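# Examining the three-dimensional arrangement
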Amino acid sequence: LSMLSNDSQALYVSYDGALEPLGESQVVNYLTRLSANYRITLISFEKPEDLSDHTRVIAMEQRFHAFGINWIPLRYHKSPPVFSTIFDVVCGALTAWRVCQEGTIRVVHARGYVAALVALFVRRGGASRFLFDMRGFWVDEKVEAGHWRAHGFLYRLGKWWERRFFERADAIVSLTKAGVQALPALGYEIPDTVPTVVIPTCVDLQRFKPISKDPDLVGSLGLQGKLVIGCVGTMSNWYMRNEMLRYLAYLSKSIESLRVLIVTREDHEALRRDAVASGVPDSAMVLTRASFSEMPRYTSLFDAGLFFIRPTLSKRASAATKLAEFLSCGVPVILNDGVGDSGAIVRHHDVGVVLTAMDQEEFVASLPPVRALFTSLEMSKRCRRVASELFDIEKGTEEYRKLYESLDDGPMEKPA
C-alpha cells in the first residue's frame, strides 16, 4: 500500500470518550496507527468524571500530541434524555464545521449513529467522503432496551436518519458478517459501488498476550490454587446480568475450588448483593477494579472468561471487545449464542463453550465441556492463534487504511 500524502486529513467523530476503556481500546489504538498516513482530528464526547481526572487527561493529550493527532474533547451530556443528545450533536456539528473550515478534510469517519449525525451535517457544507462505522443497529437497540417505543416518534425519526446514513455513506463498516447479512432486510438503497467491509473489534496483541499469572496479584486477591472464571467491564445494560450470575452460581457449586473474579467499574456492593441473591457463594466471589493498562495482568488470571449478551436483532451487528481480549491472552470463553459472529467463531475454532439457552438443563449440559477447558493442554495456544488470525489490530488498521485511501483517491462531489 502506497504512503498517503502528508496533506491528507481525516476527521474522526466518536460518541464514546477516548478516556473510557472502550474508547482507548477501539478508537485511540486505531488512530495512533492511522496517524502514520493521515493527519487526524478526533472529536470525542467525554464523561464528566473522566474529564475531572486531570492526570489522565494530560496523559492522553500527550499521547495524541506524540502522534500528531488533534484531539478535541467535548463534554458528554446524559440528561435530560434525547435533548441532551441533541445538544451534543449540535456542539459536535459546530465543532466539526470549524475543523473542516480550517483544513481540507478528505474523510469524515463516524463511529456510530450519533457521530454519523454530526458527519452528515458537516458533509452538507463540504465535499468530504463519509465513512459510516455502524457499530450495530442503534435504533433497534434503543427499542429493545426499552428506551424507545416500537414505531413511536423517536423510532420513526431514528429510522429516517438511519436510512440516510446507509444511503449517503461512501463506505460502510460492520463489526460482523451477520450485520452485513442483515442489511438487505432494512430495505435501503445502498449503491453497489459502496464498499461494505467487516472489521471486528480488534486488540493490540503486544499488550494482550499470554503471560504467567502474577503471584503478587494472585496472593492479594486470594486466588492461590483456585480455578478462576473471570468477567470484565459492564455487567448490565446489554449484558445478561442475572443469567450470568445464575450460571456462575451453578458453576461455583459444581466445580471445586472455583473462584469468580469480576473486574468492573460498576457498583461493587450492588453487584455482590445481586450475586449472592442469585446463589453465588460470597466466599467464591472476588470483585476488583483495574485501569485499561492493567487489564492484561488481570485477564491472565482467568482460566476462562465469561459473558452473556442479550441475543436480539440489533445485536447481530455487535462484537464484544472482551472476546478478542480473552482470546489474545490465551483465555477460552464461555458465552451465549445468537450475538454477532461470536458463537460461530468459538464453535468453529474450538476456543470455548457456547450456551444455546439460559435454563438449568443447558447449564448441566455445559458442565463437561467447561471442565474440559481447564484441562486442555493446547487451549491457550489455540486461543492465541485465533486472536492473531481474526482480531489483530494491525490487520484491522490496515483495513481502515485501505478504506481511507480508496475514499481519499476517489472524486469528491458535493452531496445533494
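Predicted, not measured: the structure shown is a model, and the values here were computed from it.

Rules and cut-offs
- Residues numbered from 1 in each chain as written.
- Predicted model: local features only at pLDDT ≥ 70, side-chain atom pairs only at ≥ 80, totals over all residues.
- Heavy atoms only, no water.
- Helix = DSSP H or I, 4+ residues; strand = E, 2+ residues; numbered from the N terminus.
- Expected span 1.5 Å × (residues − 1).
- Buried < 20%, exposed > 50% of the residue type's maximum accessible area, 1.4 Å probe, protein only.
- Contact = heavy atoms within 4.5 Å.
- Polar contact = N/O pair within 3.5 Å; in protein donor to acceptor, adjacent residues only side chain to side chain.
- Axes fitted to C-alpha atoms, helices over the stretch in contact; angles between N-to-C directions.
- Parallel < 35°, antiparallel > 145°, perpendicular 65-115°, else oblique.
- Nonpolar A, V, L, I, M, F, W, Y, C, P; charged D, E, K, R; others polar.
- Pairing = 2+ DSSP bridges.
- Left-handed = near helix turned anticlockwise from the far one by under 90°.
- Patch = residues over 30% accessible without salt bridge, like charges linked within 9 Å, V, L, I, M, F, W, Y side chains within 5 Å.
- Areas by Shrake-Rupley, 256 points an atom, 1.4 Å probe, with all protein chains shown as cover.
- Salt bridge = Lys/Arg side-chain N within 4 Å of Asp/Glu carboxyl O.
- Right-handed = clockwise from strand over helix to strand, strands pointing away.
- pLDDT = per-residue confidence, 0-100.
- Disulfide = S-S within 2.5 Å.

### What to know about helix α17 (residues 393-409)
Within an α-helix, residues lying three or four positions from one another point in the same direction, as the helix has 3.6 residues per turn. Spanning 17 residues, α17 covers 24 Å between terminal C-alpha atoms, matching the ideal 24 Å at 1.5 Å per step. Within the sequence span of α17, burial applies to I393, G396, T397, Y400, R401, L403, Y404, E405, L407 and D408. Looking at the buried residues of α17, the elements they touch are β1 (9-14), α1 (21-34), β4 (105-111), β5 (129-133), β6 (171-174) and β7 (196-198). Between a side-chain oxygen at the N-terminus of α17 and the backbone nitrogen of E394 the separation is 3.0 Å; the capping residue is D392.

### Quick look at the packing of helix α13 (residues 321-328) against helix α16 (residues 379-390)
Running from N to C, α13 and α16 point in directions that differ by 130°, and their axes come no closer than 7 Å. On the basis of their axis angle, the class for α13 and α16 is oblique. The segment α13 lies against α16, with A324, L327 and S328 engaging C383, R384, V386 and A387. Of the residues contributing to the contact of α13 with α16, the split by class is 5 nonpolar, 1 polar and 1 charged.

### Some thoughts on the environment of V346
Note on placement: V346 falls in helix α14 (residues 342-349). Classification of V346 as buried rests on a relative accessible area of 0%. As for V346 and A110, which are separated by 236 residues in sequence, their C-alpha atoms are 29 Å apart. The residues contacting V346, other than those within four sequence positions of it, are L323, V333, L335, V351, G352, V353 and V354.

### Brief notes about the sheet that holds strand β2 (residues 39-46)
Read from one edge to the other, the open sheet built from 7 strands follows the order β3-β2-β1-β4-β5-β6-β7, with strand pairing classed as parallel. Only two strands of the sheet have a single partner each, and these edge strands are β3 (70-75) and β7. Each strand axis lies, on average, 15° off the axis of its neighbour in the sheet, ignoring direction. Relative to β5, β4 runs parallel, the two being bridged by 5 bridges.

### What about the packing of helix α10 (residues 241-254) against helix α11 (residues 268-278)?
Running from amino to carboxyl end, α10 crosses α11 at an angle of 55°, the nearest separation of the two axes being 8 Å. With respect to α11, the axis of α10 lies oblique. Of the two elements, α10 crosses α11, and the hand of that crossing is right-handed. Only A270, L271, D274, A275 and S278 of α11 make contact with α10, whose side of the interface consists of R241, N242, L245, R246 and A249. Across the contact of α10 with α11, the residue classes tally to 5 nonpolar, 2 polar and 3 charged.

### Structural notes on a nonpolar patch on the surface
A cluster of nonpolar side chains, contributed by V82, F83, I86, V90 and L94, occupies part of the molecular surface with about 470 Å² of accessible area. Locating L94 in the fold gives a position in helix α4 (residues 83-102).

### Observations concerning the pairing of strand β13 (residues 352-355)
Neither face of β13 is left uncovered, since the one carrying G352 and V354 and the one carrying V353 and L355 both have all their residues buried. Here 4 bridges tie strand β12 (residues 333-336) to β13, and the two strands are oriented parallel to one another. Counted as the bridge partner of V333 is G352 from β13. Following the chain from β12 across α14 to the adjacent parallel β13, one finds a crossover that is right-handed.

### Let's talk about the confidence of the model for the chain
Mean pLDDT over the chain stands at 92; residues scoring 70 or higher make up 96%. Confidence drops under pLDDT 50 across residues 1-6; counting only partners more than four residues distant or on other chains, this segment forms 12 contacts. Counting interchain partners and residues more than four positions distant, the pLDDT-below-50 stretch residues 411-416 has 10 contacts.

### A few points about the state of the cysteines
For the structure on display, the rule yields 0 disulfides. Cysteine C202 is unpaired, with the sulfur of C329 as its nearest cysteine sulfur at 15 Å. Free cysteine: C329, not disulfide-bonded; nearest cysteine sulfur from C383 at 10 Å. The class for C329 is buried, based on a relative accessible area of 6%.

### Let's talk about the sheet that holds strand β11 (residues 304-307)
The strand order across the open sheet formed by 6 strands is β10-β9-β8-β11-β12-β13, and the pairing between neighbours is parallel. Bordering the open sheet on either side are β10 (285-288) and β13, each of which pairs with just one other strand. Within this sheet the neighbouring strands show an average axis-to-axis angle of 20°, counted without direction. Inspection of the sheet shows strand β8 (residues 227-232) paired to strand β9 (residues 258-263) by 6 bridges, in the parallel sense. From the neighbouring strand, G230 faces β9, where its bridge partner is L261. Running over the sheet, helix α15 (residues 360-375) touches β8, β11, β12 and β13 and is turned about 170° from β13.

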